[in-house]
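Commentary on secondary and tertiary structure
If you want the building blocks of each chain, they are given just below.
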Amino acid sequence: MIVSRDPAPSPREYIASSGGLFRDMTIHDFDMARFFLGEVVEVSAMGSNLVADYIAELGDIDGAVVTLRGALCHITNSRRCTFGYDQHLEAFGSLGMLSVDNLRPDGVRSFGAHGTEGASTYLDFFLDRYTPAYRAELDHFIETIGSGTAPEPGFDDGRAALVLADAAEESVRTGRVVPVGGAR
């Protein structure tokens, strides 16, 4: 299960040229699902417009639920999450479960007579959350230039994620499960 919800929808101008929810947001989830689970053979998706009227006016959706089949994966996206940048994942299998929670500005939680598990809100901006990852990607890219090796992920990984994004869009449009054999 992958959950990715933005704190607020992008501006109209961005949405108008973004390629749609599946190409500008879910594509990262498709890439991560392929990395962890391998080949995807089918995509099924449903979408909605519950967040901002201008997104529907532009022909896009602002929320989606996607199911990938190969190894089974469920992705949930929304362009608005009132409690911050909500991104977490869970992998469940015969040997147990792996869970990655949201990042917060601090790790403090409060427990008292008036409540338990009180914590600060999630980070509210993608640069706050992903700056270390962007630095690691840049370091890897510089290393590959110096060593003459190809960076990973590579072009084929990006193309495969785009194939899944296109299949999800087709599934929303047609209401059908879309086969994507050879997506990896």
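What counts and how
- Residues numbered from 1 in each chain as written.
- Predicted model: local features only at pLDDT ≥ 70, side-chain atom pairs only at ≥ 80, totals over all residues.
- Heavy atoms only, no water.
- Helix = DSSP H or I, 4+ residues; strand = E, 2+ residues; numbered from the N terminus.
- Buried < 20%, exposed > 50% of the residue type's maximum accessible area, 1.4 Å probe, protein only.
- Areas by Shrake-Rupley, 256 points an atom, 1.4 Å probe, with all protein chains shown as cover.
- Lys, Arg positive; Asp, Glu negative; His and termini not counted.
- Charge placed at Lys NZ, Arg CZ, Asp CG, Glu CD.
- Core = buried A, V, L, I, M, F, W, Y, C linked by side-chain atoms within 4.5 Å.
- Contact = heavy atoms within 4.5 Å.
- Expected span 1.5 Å × (residues − 1).
- Arc of directions from axis to C-beta.
- Bend = angle between axes of the 7 residues up to and from the residue.
- Pairing = 2+ DSSP bridges.
- Axes fitted to C-alpha atoms, helices over the stretch in contact; angles between N-to-C directions.
- Phe/Tyr/Trp six-rings, centres within 6.5 Å; stacked < 30°, edge-to-face > 60°.

Some words on the overall build of the protein chain
A count of helical and extended segments in the protein chain gives six helices and nine strands. With respect to the principal axes defined by its C-alpha atoms, the protein chain has extents near 55 × 50 × 40 Å. Of all 184 residues assigned to the protein chain, the portion counted as buried reaches 32%. As displayed, the protein chain has an accessible area near 11,300 Å², and 57% of this comes from carbon and sulfur atoms. Put simply, the protein chain has 15 plus and 27 minus side-chain charges, and the middle of one group is 4 Å from the middle of the other.

Focus on the nonpolar core
Core analysis: the largest hydrophobic core is formed by 24 residues, its most contacted members being Phe22, Phe30, Val43, Val66, Leu68, Ile75 and Val180. At five residues, helix α6 (residues 155-174) tops the list of elements feeding residues into this core. Not counting chain neighbours up to four residues away, the residues in contact with Val66 comprise Phe22, Phe30, Val43, Ser44, Ala45, Cys73, His74 and Ile75.

A short note on α6
The end-to-end C-alpha distance of α6, which contains 20 residues, comes to 29 Å, matching closely the 28 Å that a straight helix rising 1.5 Å per residue would cover. Residues of α6 that are buried include every one of Ala160, Ala161, Leu164, Ala165, Ala167, Ala168 and Ser171, and no others. Buried residues along α6 cover an arc of 160° about the axis, so they all sit on one side. Exposed side of α6, more than 90 degrees from the buried face: Phe155, Asp156 and Arg173 are the residues found there. On the buried face of α6, the contacting elements are α2 (21-24), α3 (26-37), β2 (42-48) and β9 (178-179). Of the residues flanking the end of α6, it is Gly175, one or two places downstream, whose phi is positive at about 75°.

Describing helix α5 (residues 126-147)
Note that an α-helix has 3.6 residues per turn; residues three or four places apart therefore point the same way. In this model α5 runs 30 Å from its N-terminal to its C-terminal C-alpha over 22 residues, within 8% of the 32 Å that 1.5 Å per residue would give. At Pro132, α5 shows its maximal kink, close to 40°. Phi turns positive one or two residues past the end of α5, at Gly148, with a value near 75°.

Some thoughts on the sheet that holds strand β6 (residues 96-100)
If you walk across this open sheet you meet the seven strands as β6-β5-β1-β4-β3-β2-β9, and the pairing is mixed. A single partner strand is all that each edge strand has here, and the edge strands are β6 and β9. The strands touched by α6 within the sheet are β2 and β9, with β2 carrying the most contacts at an inclination of about 60°.

Notes on the pairing of β2
Pairing geometry for β2 and strand β3 (residues 63-69), over seven bridges, is antiparallel. Counted as the bridge partner of Ala45 is Val66 from β3. Where β2 lies against β9, two bridges are found, and the strand directions are antiparallel. Looking at β9, one finds that Glu42 is bridged to Pro179.

Quick word on the packing of aromatic side chains
On inspection of all chains with the given rule, the structure shows three aromatic pairs. On the numbers, 6.3 Å between centres and 85° between planes, the contact of Tyr85 with Tyr130 is edge-to-face. Here Tyr130 lies in helix α5 and Tyr85 lies in the loop between β4 (73-78) and β5 (86-93), a separation of 45 residues in the sequence. Seen in terms of ring centroids, Tyr130 and Tyr134 are 6.3 Å apart; in terms of plane orientation they differ by 45°. Their pairing is tilted. With Tyr130 and Tyr134 both in helix α5 and four residues apart, this pair spans about one turn of that helix. Tyr134 gets classed as partly exposed once you look at its relative accessible area, which sits at 34%. Each member of the aromatic cluster is reached from another via a ring pair, and the members are Tyr85, Tyr130 and Tyr134.

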